[in-house]
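# Residue-level structure breakdown
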Amino acid sequence: MTTFTSVSMEEGLKLMSNDNNFVLLDVRTPEEFSSGHIPGALQLTNETFTKQDAEKLLKDKSQTIYVYCRSGRRSKQSSQKLIDFGYTNVIEIGGIIDYNGSVEK
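What comes next concerns the included structure. None of these values were measured; they are calculated from a predicted model.

This part is about the pairing of strand 2 (residues 22-26). Counting buried residues in strand 2 gives four out of five residues, a clear majority hidden from the surface. Where strand 2 and strand 4 (residues 64-69) come together, five bridges link them in parallel fashion. What sits directly across from Val23, in strand 4, is Ile65. Inspection of the sheet shows strand 2 paired to strand 3 (residues 42-43) by two bridges, in the parallel sense. Looking at strand 3, one finds that Leu25 is bridged to Leu42.

Time to look at the environment of Thr3. By the secondary structure assignment, Thr3 is in the segment before strand 1 (5-6). With 90 residues separating them in the primary sequence, Thr3 and Ile93 have C-alpha atoms 14 Å apart. Not counting residues within four places of it along the chain, the set of residues in contact with Thr3 comprises Gln80 and Ile83.

Conventions used here
Residues numbered from 1 in each chain as written. Predicted model: local features only at pLDDT ≥ 70, side-chain atom pairs only at ≥ 80, totals over all residues. Heavy atoms only, no water. Buried < 20%, exposed > 50% of the residue type's maximum accessible area, 1.4 Å probe, protein only. Helix = DSSP H or I, 4+ residues; strand = E, 2+ residues; numbered from the N terminus. Pairing = 2+ DSSP bridges. Contact = heavy atoms within 4.5 Å.

What follows is the structure, encoded as structure tokens:
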């Protein structure tokens, strides 16, 4: 069974700094996203996104996708959904509560 990789927010940020072809995915609600998100992040709501929603936003199923939420629970659920939808390089990086950088609104 294919699964996703889980790393800390700190480790995820290090991986992203050495990666020039990735997607950062915030799976909180649109309201949470608009209140402040990691710069460059795209948004899909964990509870409601479908395979079609994912495929519209995330066209390359082999591209690295870093997934985060508020605390890490929803990002794990969404990471598994993406794997189930056929994405092959999903890295779950926990919650924005562990992120110390600037945020975008």
